[in-house]
Amino acid sequence: MLTVKLRRAPREDARAPLALPLPDAAAVPSALRAAAEAAGFTGAAGQAVMLPERGLMLLGTGAARRSLDWEEAGGAAAAAIGEARRFAIDARGLAPGAAASLAAGACLRAWRFSRYRSEPAPGPRRLDLLVDDPEAVAPHWSRAAAGVRGCLLARDLAMEPANTLTTRAFAARLEALAEHGIAVDVLGRKRLAREGLGGLLAVGGGSETPPRLAVLRWRGSVAAAPVVFVGKGICFDTGGISIKGAAGMEAMKADMAGAAACAGAMLALALRRSPAPAIAVLALAENAVGERSYRPGDVLRMGSGRTVEVVDTDAEGRLVLADALHYARQFRPQAVLDLATLTGSIVTALGSHRAGLFGTDAGLLAQAAAAGEAVGEPLWPMPIGERHREDLNSAIADLKQCTTGRLQPDACHAAAFLREFAGPAPWAHLDIAGVDDRAEAAPLGPPGPSGFGARLLDALVSMYFEH
């Protein structure tokens, strides 16, 4: 993450480029208007024009009103700065919240993952944010930085290769969050068996790295029932015996993006000392092929006691989530949200533009959608119809895991399946397949993992569960 310094004025020896946020061409300082006109600067949102001979960048903000607008302007500055190690944004004259949002957007866009490179990836490392009153901006920046750090943790985890981020290593990374005041409990194979979590045990049975259920707790400061996040953490997904094709399988190292987003949200809550209690229940497994792999046709007894007929071992995510959702019920939550890279079906429906939103409570669904819009992680409501559940009727067990055949509404079937285990609390299911990874750069991130969901969950708690 960029190192951000709040300053009243540029450094005396500053040679770093300075970005000037401007709403339109009329706001360009008179000394720069000729150069701005020659460069075609209009002030449109996202426009960034370098004036290298002056060491300046004209940064278009348009009619910015929302925090997200200012974040995207900051992201545009970071994208345009090139390989400069340090740059500055002149936020003097702006409201403290707007200034902080500029820095947040710059940090999100400037993120790089260099752990396995011989040399760090080029790009900015430091940002000087010029403000009128650093003390007034500091609390706004502290709050924004917490969400950014949570999102970047999710990206870092999703970028890790599966040979390093095994289930054991993932659990260890989560246990390290204890330094921020998050209590972490990790259930190993024996405890999973005692809890009867047959879905998670079956999915992880074929791997030499055993499954885990990680429970993260942020106690908050108010006496209220917790909000619970449930995340799919498949560290690698071969498809199991119903094995995937080779093309694109390398991307399956990120089939744990839902769990990563939940972990990032918990970090954000802890860093900003949220008063709201929150818990994350993360199902970690590798869906591999081995002598103990589960098979199509098997019947599993889940943690809830219900039996499930396996149809396709590549529909593993709903099995581990079902056990995690059941386990979460013991915490008597006031709301439950699960995140998962669950189905290709949702990608067919919504592409890379929005995540699918399913659930049982209209109020919670509206709140989740509003939080997503606020942070640029949009959702789209999807149905769970009576027929979707009827399609899962089994001749041998309580229900089937999925159906077979072409052109099936698998995202809706998966949601109908999960609803059977979600319990009485308001529940929302976010199918983030398609939005967890960017093929191209976006205003708030380079190509690669997006961290989708971490800031959304943080915003949801901030907007609706801290009052």
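Residues numbered from 1 in each chain as written. Predicted model: local features only at pLDDT ≥ 70, side-chain atom pairs only at ≥ 80, totals over all residues. Heavy atoms only, no water.

Sheet architecture is open: eight strands sit in the order S7-S8-S10-S9-S13-S17-S14-S15, paired in mixed fashion. A strand with exactly one partner marks an edge of an open sheet, and here the two such strands are strand S7 (183-187) and strand S15 (379-381). Strand-to-strand twist of the sheet, defined as the mean angle between neighbouring strand axes without regard to direction, takes the value 20°. Here five bridges tie S7 to strand S8 (residues 212-218), and the two strands are oriented antiparallel to one another. Each bridged residue has a counterpart across the sheet, and for Asp-185 the counterpart in S8 is Val-215. Along the sheet, helix H9 (residues 317-328) contacts S7, S8, strand S9 (227-237), strand S10 (278-287), strand S13 (335-340) and strand S17 (427-431); its crossing angle with S9, the most-contacted strand, is approximately 150°. (Pairing = 2+ DSSP bridges. Helix = DSSP H or I, 4+ residues; strand = E, 2+ residues; numbered from the N terminus. Axes fitted to C-alpha atoms, helices over the stretch in contact; angles between N-to-C directions. Contact = heavy atoms within 4.5 Å.)

Scanning the model with the defined rule gives three aromatic pairs in all. Summarising the aromatic geometry, the rings of Tyr-327 and Phe-331 are spaced 6.1 Å apart at their centres and angled 70° between planes, so their arrangement reads as edge-to-face. Phe-331 carries the same exposure label as Tyr-327, and that label is buried. Seen in terms of ring centroids, Phe-417 and Phe-421 are 5.1 Å apart; in terms of plane orientation they differ by 45°. Their pairing is tilted. On the criterion of helical spacing, the pair formed by Phe-417 and Phe-421 is a turn pair, its members being four residues apart in helix H13 (residues 410-422). Residue class for Phe-417 comes out buried when judged on its relative accessible area of 0%. (Phe/Tyr/Trp six-rings, centres within 6.5 Å; stacked < 30°, edge-to-face > 60°. Buried < 20%, exposed > 50% of the residue type's maximum accessible area, 1.4 Å probe, protein only.)

Right, let's get into the side chain of His-413. Along the chain, the position of His-413 falls in helix H13. Separated by 3.3 Å, the side chains of His-413 and Thr-403 make a polar contact. Sequence-distant contacts of His-413, defined by excluding residues within four places in its chain, comprise His-388, Asp-391, Leu-392, Thr-403 and Gln-408. (Polar contact = N/O pair within 3.5 Å; in protein donor to acceptor, adjacent residues only side chain to side chain.)

It is worth spelling out the packing of helix H4 (residues 134-159) against helix H14 (residues 454-464) at this point. Each pair of packed helices gets described by two things: the angle between the helix axes and the distance between those axes. Here H4 crosses H14 at 145°, and the two axes come no closer than 8 Å. Each of Arg-143, Gly-147, Val-148, Gly-150, Cys-151 and Ala-154 in H4 lies in contact with H14, whose residues at this interface are Ala-454, Arg-455, Asp-458 and Ser-462. Grouping the constituent residues of the contact of H4 with H14 by class yields four nonpolar, three polar and three charged. (Nonpolar A, V, L, I, M, F, W, Y, C, P; charged D, E, K, R; others polar.)

Attention now moves to unusual backbone geometry. In this model, Arg-273 sits at a positive phi of 55°, which is unusual for a non-glycine residue. Looking at the element boundaries, Arg-273 is found in the loop between helix H8 (257-271) and S10. A relative accessible area of 54% means that Arg-273 is categorised as exposed. In this model, Arg-332 sits at a positive phi of 45°, which is unusual for a non-glycine residue.

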